[in-house]
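Here's the letter readout for the chains.
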Amino acid sequence: MTPTAEPAQVNHRATYREVLAEPRFRLLFSTRTVAITADALRITTFSVLVFGATGSALLSALAFGIGFIPQLFGSLLLGSLADRLPPRALIAGGYALTCAAALLLALVRMPIAASLGVVALIALVTPVFHGASSRLVAQSLEGDAYVLGRSLNNIAASGAQLFGLALGGAAVTVVGPNRALAVSAALYLGCALAIRIRLPRLQPGESDGTPGNPQGDHGAVRASLHGAGLLLRGHTVRRLMLAQWLPCAFVAGAEGLIVAYAGGRHFAPGWYAVLMGCLPVGMLVGDLLVGRLLRPLTRERLVVPLIALMGLPLVGFAAEPGVGVSSCLLLLCGLGFANGLGLQRPFLDALPQDRQGQAFGLLGSGNMTLQGVGPAFLGSVAAGIGTGGAIALAGGAAMLTAGWILSWHQPTSSVPVPNYSTGSENGSDQHACSSPAL
């Protein structure tokens with residue numbers, strides 16, 4: 001159906017000032033930014049610590065990535081807790097637990113296997129308190145303010161990761177890896193205390209005094225598996241999750257080959273770091289431009305072109321360009337990550353109210369898992385066709401994903417406008433929407 005006018009409330013463009021004026025979001029945003037800095041510091045420092053103890057590049061890489069894959073299992077087995085337990089206790093408890101793990105790694109000499117196990121256990125519960133935090137953000141912000149809130153989180157996350165990596169290198173050099181881990185523990189503790197003191201005590205699913213549905217009295221694992229099954233079986237939710245997972249996984253696979261590409265092309269030492277920095281810079285610029293300048297419906301219609309923009313520049317690596325062209329291609333690829341802003345509101349609208357926390361946890365853990373699998377897969381492909389060819393293959397796969405999303409468009413609609421109605425209690429029985437951008 002082609003509407004004759006766009007509803008004002010649907011196409012209202014919020015501002016970052018409006019978003020930051022919400023106290024609850026401001027608290028969650030600031031603590032999450034500090035926690036991401038601590039994450040980057042902890043992960044890199046732990047990797048250095050393992051390498052120093054073993055001299056094994058394999059174990060060092062495992063230490064770096066051990067926190068990714070367990071998140072998917074945690075989301076599947078425990079994700080329902082994000083909607084069943086009070087959010088303040090979950091979020092503060094998650095930060096406190098991560099603080100305790102960092103202190104344990106810093107102060108106690110354990111076998112490497114035990115240290116890896118500690119990190120894996122923390123990753124197992126991470127989707128629970130991240131899901132609770134994301135749900136609270138969705139309940140605190142409405143309409144386009146929610147999308148801009150996610151944009152701010154993306155921008156801050158990119159900056160915090162870069163700062164955390166730099167802080168980790170400096171801290172390891174100045175005070176050693178053990179004390180650097182203790183610094184990350186102090187940051188987590190500060191986040192836990194801020195949430196415990198400043199976040200109101202809310203019941204599960206409560207927003208502004210409206211109690212939510214605790215999903216019955218089923219056991220956590222049973223309820224989590226049941227809820228994950230309902231979410232993934234839902235046509236709309238599954239499609240929108242895949243639309244957010246697949247392009248990022250392909251680009252992450254290409255990103256994992258940048259060091260090898262720079263080495264194979266005999267770039268000057270240090271240029272690989274410049275190339276790797278082009279992607280987050282492009283992401284920051286893209287989020288700012290798309291989030292601040294475009295109206296909501298325009299963002300949603302640009303999802304397909306922006307996903308294509310993620311992939312098309314990577315195809316250029318088939319020609320094995322030099323440093324300058326490679327940098328420009330990666331910057332353009334990073335701009336395409338702004339496609340996520342056009343997917344946020346349709347995804348939120350497709351979710352059932354009593355499973356929002358679990359859905360956000362599943363979205364994040366699936367994203368992390370696939371971004372860990374992507375580099376391993378493309379690394380094996382690069383052994384056969386070269387790094388430039390493998391990066392180009394990743395770009396082609398991202399463009400195919402854009403074409404797949406374009407196929408969701410209903411050809412009878414001459415003016416594509418998203419359909420935000422889910423049409424069912426769990427929001428899973430309709431097509432994603434009529435827009436080719438979704």
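Residues numbered from 1 in each chain as written. Predicted model: local features only at pLDDT ≥ 70, side-chain atom pairs only at ≥ 80, totals over all residues. Heavy atoms only, no water.

**Here we look at helix α4 (residues 70-78)**
Consideration 1: All of the buried residues along α4 are Pro70, Gln71, Gly74 and Ser75. Projection of α4 onto a plane perpendicular to its axis shows the buried side chains occupying an angular sector of 140 degrees, all on one side. (Buried < 20%, exposed > 50% of the residue type's maximum accessible area, 1.4 Å probe, protein only. Helix = DSSP H or I, 4+ residues; strand = E, 2+ residues; numbered from the N terminus. Arc of directions from axis to C-beta.)

**Some details on the packing of aromatic side chains**
Consideration 1: Taken as a whole, this structure holds six aromatic pairs when the rule is applied.
Consideration 2: Ring geometry for tryptophan 404 and tryptophan 408: centres 5.0 Å apart, planes at 85 degrees, overall edge-to-face.
Consideration 3: These aromatic residues form a ring-pair network of at least three members: Tyr261, Phe267 and Phe317. (Phe/Tyr/Trp six-rings, centres within 6.5 Å; stacked < 30°, edge-to-face > 60°.)

**Focus: the pattern of salt bridges**
Consideration 1: Counted according to the given criterion, the structure contains five salt bridges.
Consideration 2: Of the charged contacts, one joins arginine 42 and aspartate 39 as a salt bridge, the two residues approaching to 3.8 Å between their closest N and O atoms. Of the two residues, arginine 42 and aspartate 39 are both situated in helix α2 (residues 23-54); the distance of three residues between them amounts to about one turn of the helix.
Consideration 3: Overall, arginine 42 belongs to the buried group, its relative accessible area being 12%.
Consideration 4: Under the relative-accessibility criterion, aspartate 39 is labelled buried at 17%.
Consideration 5: Arginine 299 is the partner of aspartate 144 in a salt bridge, and the nearest nitrogen-oxygen pair spans 2.5 Å. Within this pair, whereas aspartate 144 is found in helix α8 (residues 144-175), its partner arginine 299 is found in helix α14 (residues 296-301), the two being separated by 155 residues in sequence. Per residue, the accessibility class of aspartate 144 equals that of arginine 299, and both read buried.
Consideration 6: One connected set of salt bridges, linked through shared partners, spans Arg32, Asp39 and Arg42. (Salt bridge = Lys/Arg side-chain N within 4 Å of Asp/Glu carboxyl O.)

**So, the environment of proline 127**
Consideration 1: Secondary-structure assignment places proline 127 in helix α7 (residues 112-140).
Consideration 2: Here proline 127 falls in the buried class, since its relative accessible area comes to 3%.
Consideration 3: Separated by 232 residues in sequence, proline 127 and alanine 359 place their C-alpha atoms 9.7 Å apart.
Consideration 4: Filtering out sequence-adjacent residues up to four positions away, proline 127 remains in contact with Gln71, Gly74, Ser75, Gly361 and Ser365. (Contact = heavy atoms within 4.5 Å.)

**Topic: the confidence of the model for the chain**
Consideration 1: Per-residue pLDDT for the chain averages 81, and the proportion of residues at 70 or more is 86%.
Consideration 2: When mean pLDDT is taken per element in the chain, helix α15 (residues 303-315) scores highest with 95 and helix α3 (residues 57-65) scores lowest with 68.
Consideration 3: Between residues 207-217, whose pLDDT stays under 50, and residues either more than four places distant or in other chains, the model counts 20 contacts. (pLDDT = per-residue confidence, 0-100.)

**As for the side chain of serine 184**
Consideration 1: Note on placement: serine 184 falls in helix α9 (residues 177-198).
Consideration 2: Judged by relative accessible area, which is 0%, serine 184 ranks as buried.
Consideration 3: Setting aside residues up to four positions removed in sequence, serine 184 forms contacts with Ala38, Leu41, Arg42 and Ala102.

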